[in-house]
Amino acid sequence: MDCKNCKSESCSAKDKKAEENEQEFMERQKLARKMCRIKHKIVVLSGKGGVGKSTVSANLASSLAKEGYNVGLLDVDIHGPSIPTMFNLTGQSVYQTEEGIEPVMAGPNLKVISVAFFLKDQEQAVIWRGPMKMGVIKQFLSEVNWGELDYLIVDSPPGTGDEPLSVCQLLENVDGCVMVTTPQEVASADVRKSISFCKQLNVPVIGVLENMSGFMCPKCGTVEYIFSQGGGEKLAAQMGVKFLGSVPIDPLIARSGDDGKPFVQAFAESETAKLFEKIIEPVIAMCGRNDD
Ligand code: ADP
């Protein structure tokens, strides 16, 4: 006989189940209390790693903060957290107050949390199985003192595996997702999967951003299309989602990432920064629809 069919009132397994249910309920309450102070939640996703998802997350968060919004940036790229480097926050650690885990400030209205802040050694490899990863993501959302935020930007791990699934499920009402891709056909195939992943989870897709679209010559500013051209736009049309634009390969983007200053801050006047900043318009528009 299994527990499901057992009629014994005195069995201690029953108490354990009740305790577990209560703990689960308390955890859900805690998460809900934190999440209801965040107006809008945006997930940045990609089909593969290395396409510029963290770069887009960092610049999106910075652009929104520049506009005066209160922004949180959550880096749940557990195996390759690069957000601390992009904001020159490497080596920072977090501390606990009565309100919860305090995020690291990357500006007056930009709070950052990354798995990297919890590692003793920055070169330590994170070896966590699925349920542990889910637990960490849950902790980031329910234990961090995000306070009142206009936008929480989540830099999700690539693909359609456990982590992006946990992110979307735990956030519950995600306002939308920004999909980052590169022009190559191999990247597009994965992005299609990511778009259908969002559709299955009822997460609205704000649009597709094509990164590394061509090479921008640092001397003359002309763009050389070293890969195919227009792949992201074609894919967006085929999948019935908005195309958010193309960002070229610009050596200054890589440099600003390594130097710890998001591109939209370091090269605010450049044409590429304007391209990055344009992404916030459809993001704000999509979130505006969910206000009230
Ligand atoms: P992901 O988060 O998808 O793994 P990253 O944002 O970490 O990718 O980007 C990978 C590397 O490529 C980083 O060094 C970043 O600075 C660089 N990079 C991203 N986008 C561009 C671009 N448009 N031009 C030049 N370098 C870029």
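Remember, predicted model here, so these are calculated numbers, not experimental data.

**Q** What should I look at first to understand the overall build of the protein chain in this one?
**A** Looking only at helices and strands, the protein chain features 11 helices and 11 strands. Its C-alpha atoms give the protein chain a radius of gyration of 20 Å, within 12% of the compact-globule value 19 Å for 292 residues. Taken along the three principal axes of its C-alpha coordinates, the protein chain extends 80 × 45 × 40 Å. Burial analysis of the protein chain (292 residues in total) assigns 47% to the buried set. In the protein chain, once contacts between residues fewer than 6 apart in sequence are set aside, the share between residues at least 24 apart is 75%. Entry remark: accessible area of the protein chain is about 14900 Å², with carbon and sulfur atoms responsible for 51%. Looking at the protein chain, you have 31 positive and 38 negative side-chain charges, and the mean spots of the two groups are 4 Å apart.

**Q** Would you explain the environment of Phe215 in this entry?
**A** The topology assignment puts Phe215 in strand 9 (residues 205–216). Separated by 48 residues in the primary sequence, Phe215 and Val167 have C-alpha atoms spaced 33 Å apart. Beyond its immediate sequence surroundings of up to four residues, Phe215 is in contact with Thr222, Val223, Glu224, Ile226, Ile249 and Pro251.

**Q** I tried to follow the pattern of salt bridges on my own but got confused; where do I start?
**A** Counted according to the given criterion, the structure contains 11 salt bridges. Note that Lys53 is salt-bridged to Asp77, the shortest N-O span being 3.3 Å. Of this pair, Lys53 sits in helix 2 (residues 53–66) while Asp77 sits in the loop between strand 2 (71–75) and helix 3 (83–86); the two residues are 24 residues apart in sequence, bridging distant segments of the chain. Residue Lys53 is classed as buried on the basis of its relative accessible area of 5%. Measuring nitrogen to oxygen at the nearest pair gives 2.6 Å for the salt bridge that ties Glu277 to Lys66. Placement of Glu277 in helix 10 (residues 271–278) and of Lys66 in helix 2 is noted, with a sequence separation of 211 residues between them. Owing to a relative accessible area of 22%, Glu277 belongs among the partly exposed residues under this scheme. Among the charged side chains, a network of salt bridges with common partners joins Lys48, Asp190 and Lys193.

Rules used throughout
Residues numbered from 1 in each chain as written. Predicted model: local features only at pLDDT ≥ 70, side-chain atom pairs only at ≥ 80, totals over all residues. Heavy atoms only, no water. Helix = DSSP H or I, 4+ residues; strand = E, 2+ residues; numbered from the N terminus. Rg over C-alpha atoms; globule rule 2.2 N^0.38 Å. Buried < 20%, exposed > 50% of the residue type's maximum accessible area, 1.4 Å probe, protein only. Contact = heavy atoms within 4.5 Å. Areas by Shrake-Rupley, 256 points an atom, 1.4 Å probe, with all protein chains shown as cover. Lys, Arg positive; Asp, Glu negative; His and termini not counted. Charge placed at Lys NZ, Arg CZ, Asp CG, Glu CD. Salt bridge = Lys/Arg side-chain N within 4 Å of Asp/Glu carboxyl O.

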